[in-house]
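Reading the structure
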Amino acid sequence: MENSILQKLEQLAKKIWERAETGELSDVDIMATHVLEDCKTISADIIEMIITEMNEGLRSDKSFRREQGLVLKEKDRRRSVLTTLGPIEYKRDYYYDKNTGRHCSVLDRMLGIEKYERIGGAVGAELVNQAAMCSYAKAAAIVTGGAVSRQSVRLQILKANIPEKEPWEENRAVKELHVYADEDHVHMQKPGKERGKRNRIVPLITVTEGTDRIAERRNRTRNPMYFSDRELNPKAAWESVEGYIEKAYDIDQLEAIYVHGDGGSWIEKGLNNFAKTRHVMDGYHFYKELRGVSQILPKRNVRTALIFALKHNDRKRADDYMQELLASPLNDKERERLERFAVYLFRSWDTIRRRVTEDIPGSCTEAQISHVLSERLSRDPIGWGVEALGQIVETRVYLFNGGRLEKKDMRRVKEDPETYRKYAERCIEEYLKSARDFSLFEKEEPIMDTGSATRIMIHKMGRTMSLLS
């Protein structure tokens, strides 16, 4: 095994030096790319050699197989798994397990490879990370160079088990929290390719400690944490937010929790279990509606009159004023818009008044939706399936919260039996102990003498740099 590994390393050294001699060193970026591919290829070959050695060791360890009730049924079944080094192809034996009455590949279990798995967990996790930010095809191109299909990327997305991001700090003492809630409207796939639109609402809730000014007319949320739900259920998303606030913050120190929204019914139900919750109308939505009705009757100073009524909490004055506006000569479309605004104004009077009268930081609900959801989900003409949409939403939220999916998040099967794991650890220790013993490189092997490629390369580089005579 030692000699085989050293021979592979010698091949790598020769390839690198050949590339340098052919002039690739004049463009270090190109050479680095080619050398990286060479290193990955040689590394994959070494791993395949080690796996072959492990398989043969298991085959010859009859005492262990008797203890575990494993009967050899077939030798050298081929298998290929896509890893970060590229495809790893190897042969392994097939056994009958007397304890379970099933056939199995013990070596696959030892290597942590699931049944029917063709894409390694690390590659699968990175495919999901990329697919949450770009198209399936682009994710496959970035991670595997296009070696897998878009459907394979989708299957990895459905397989992923996205965890919740832990709080930055528990029982943090702050006086105020600002929670921004809004939804994105996402186009869904229609069964049978039927025509027409069908949308789903995707909720997004952002918990922050307020905003910081970073430039003129530009703020940044402080310690944001994003929440949605795999089933796109707003109630479940709010329950997650409640649990996070109770864990991350000292409730006794909180003086107020401001919930910013556009007045939607699912937003108005949020965090009502906290006595310190105060709902606030999102400024963007309110002033957009107010500007729209002001343009219908530009000479009536609608904005000034309604803001005055709100500041003085005079609902009657606002009601009388709206009646006057509705009595003006209007077409059907204008009248309908005024009536709709009147319903919106009086239904959300308290939350709108809080926005107008209290010193509360401006809302950024639309910006959060655009940045976290719309950029991937609804900005382009895409039709989503329900399962994939929920997984992508949860993955994007997890990534924006500072997390990143890893191999362990792609496992949805029970752990291997303890005996297999122990045996795997013993085999790996036996077959790889030479790799940890760096003294093997100090042995006087023929491939490392002064005539070897490695020595030649060192001497040539030294003469080039005037370091050797």
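For clarity, every value in this text was computed on a predicted model and none was experimentally measured.

Calculation rules
Residues numbered from 1 in each chain as written. Predicted model: local features only at pLDDT ≥ 70, side-chain atom pairs only at ≥ 80, totals over all residues. Heavy atoms only, no water. Helix = DSSP H or I, 4+ residues; strand = E, 2+ residues; numbered from the N terminus. Buried < 20%, exposed > 50% of the residue type's maximum accessible area, 1.4 Å probe, protein only. Contact = heavy atoms within 4.5 Å. Areas by Shrake-Rupley, 256 points an atom, 1.4 Å probe, with all protein chains shown as cover. Core = buried A, V, L, I, M, F, W, Y, C linked by side-chain atoms within 4.5 Å. pLDDT = per-residue confidence, 0-100. 1 Å grid on protein atoms, 1.4 Å probe; cavity = no way out; pocket = protein on both sides within 12 Å on 5 of 7 lines; lining within 4 Å. Points joined across faces, edges and corners; volume = space filled by probe spheres on them. Pairing = 2+ DSSP bridges. Axes fitted to C-alpha atoms, helices over the stretch in contact; angles between N-to-C directions. Patch = residues over 30% accessible without salt bridge, like charges linked within 9 Å, V, L, I, M, F, W, Y side chains within 5 Å. Salt bridge = Lys/Arg side-chain N within 4 Å of Asp/Glu carboxyl O. Lys, Arg positive; Asp, Glu negative; His and termini not counted. Charge placed at Lys NZ, Arg CZ, Asp CG, Glu CD. Phe/Tyr/Trp six-rings, centres within 6.5 Å; stacked < 30°, edge-to-face > 60°. Lys NZ or Arg CZ within 6 Å of the ring centre and 35° of its normal. Arc of directions from axis to C-beta.

So, about the overall build of the protein chain. Assigned secondary structure in the protein chain consists of 18 helices and 10 strands. Each of the 469 residues in the protein chain was classed as buried or not, and the buried ones make up 43%. Long-range pairs, those at least 24 residues apart, make up 64% of the contacts in the protein chain between residues at least 6 apart in sequence. Total accessible area on the protein chain stands at roughly 26,800 Å², and carbon and sulfur atoms take up 48% of it.

Quick look at the nonpolar core now. Generally speaking, a soluble globular protein has its nonpolar side chains buried in company with each other. Counting 35 residues, the largest nonpolar core has Val153, Leu373, Leu377, Trp384 and Leu389 as the members making the most contacts within it. Contributions of two or more residues to this core are made by helix H5 (121–131), helix H6 (136–144), helix H7 (150–159), strand S5 (199–208), helix H15 (365–377) and helix H16 (386–400). Examining the composition of this core, we find that six residues originate from one element, H16, more than from any other. If we skip the residues at most four places from it in the chain, Val153 touches Leu127, Ala131, Tyr136, Ala140 and Val148. The next biggest cluster of nonpolar side chains, apart from the first, holds 26 residues, and it includes Ile296, Val302, Tyr321 and Leu338.

It is worth spelling out the side chain of Ser374 at this point. Inspection of the secondary structure puts Ser374 in helix H15. When neighbours within four sequence positions are excluded, Ser374 is seen to be in contact with Asp184, Ile369 and Arg379.

Now for the confidence of the model for the protein chain. The pLDDT averaged across the protein chain works out to 86; a share of 86% of its residues lies at or above 70. Contacts for the low-pLDDT stretch residues 438–459, under 50 throughout, to residues beyond four places or in other chains number 24 contacts. In this model residues 461–469 is a low-confidence stretch, pLDDT under 50, and it forms seven contacts with partners more than four residues away in sequence or in other chains.

The next subject is empty space enclosed by the protein. Scanning the entire structure with this criterion turns up one cavity of 30 Å³ or more. At the level of elements, strand S4 (176–187), S5 and H15 are the ones that each hand at least two residues to the lining of the largest cavity.

The strand order S1-S2-S3 describes an open sheet built from three strands, whose pairing is antiparallel. Edge positions in the open sheet fall to strand S1 (70–83) and strand S3 (102–104), since each of these has one partner strand only. For this sheet, the mean angle separating the axes of adjacent strands, direction not counted, is 25°. As defined by bridge partners, S1 adjoins strand S2 (residues 86–97) across 11 bridges and the pair is classed as antiparallel. Bridged to Val81 within S2 is Ile88. Strands S1 and S2 of the sheet are contacted by helix H2 (residues 28–60), whose axis makes an angle of about 10° with S2.

Here we come to a positive patch on the surface. Taken together, the side chains of Lys288, Arg291, Arg303, Lys333 and Arg337 make up a positively charged region of the molecular surface. Elements with a contribution of two residues or more to the positive patch: helix H10 (283–296) and helix H13 (332–347). Within the secondary structure, Arg291 sits in helix H10. Given a relative accessible area of 45%, Arg291 falls into the partly exposed group.

Right, let's talk about the packing of aromatic side chains for a bit. Pairs of aromatic rings are described using the distance from one ring centre to the other and the angle between the two planes. For the structure shown, the criterion picks out seven aromatic pairs. The interplanar angle of 55° and the centroid separation of 5.2 Å between the aromatic rings of Phe227 and Tyr244 together place this pair among those described as tilted. Of this pair, Phe227 sits in strand S8 (residues 225–227) while Tyr244 sits in helix H8 (residues 234–248), and the two are 17 residues apart along the sequence. Tyr244 shares its class with Phe227; the two are buried. Look at Phe341 and Tyr344: their rings are 6.1 Å apart centre to centre, the planes differ by 45°, and that puts the pair in the tilted class. In this pair, Phe341 and Tyr344 both sit in helix H13, three residues apart, roughly one turn of the helix. Across the pair, exposure class does not vary: Phe341 and Tyr344 are buried alike. What links up through ring pairs into an aromatic cluster is the set Phe227, Tyr244 and Tyr249. Above the face of the Tyr94 ring, Arg77 is positioned so that its terminal group lies 3.8 Å from the ring centre. In this arrangement the basic side chain of Lys165 is found over the ring face of Trp168, its NZ or CZ atom lying 4.4 Å from the centre.

All right, on to H6 then. Listed in full, the buried residues belonging to H6 are Tyr136, Ala139, Ala140 and Thr144. Along the axis of H6, the buried positions cluster into a sector of 100°, meaning they face one direction only. Close packing links the buried residues of H6 with S1, H5, H7, H15 and H16. Gly145 lies just past H6 and shows a positive phi near 70°.

This paragraph deals with the layout of surface pockets. Empty space within the second largest pocket amounts to approximately 430 Å³. Along its surface, the second largest pocket is lined by 23 residues, and Ile47, Thr83, Ile88, Leu111 and Lys407 are the ones closest to its centre. Elements with a contribution of two residues or more to the lining of the second largest pocket: H2, S1, S2, H5 and helix H17 (418–436). Top contributing element to the lining of the second largest pocket by residue count: H2, with four residues.

If the charged atoms of two oppositely charged side chains come close together, the side chains can form a pair. What the rule picks out here adds up to 23 salt bridges. Linking Asp76 and Arg59 is a salt bridge whose minimum nitrogen-to-oxygen distance equals 3.0 Å. Separated by 17 residues along the polypeptide, Asp76 in strand S1 and Arg59 in helix H2 bring together distant segments of the chain. Exposure remark for Asp76: the relative accessible area of 37% places this residue in the partly exposed category. With a shortest N-O distance of 3.0 Å, Lys316 and Asp320 are connected by a salt bridge. A residue pair is termed a helical-turn pair when its members lie 3 or 4 positions apart in one helix, as Lys316 and Asp320 do in helix H12 (residues 315–326) at four residues. The exposed category is assigned to Lys316, whose relative accessible area is 60%. On the basis of relative accessible area, Asp320 is assigned to the partly exposed category, the value being 34%.

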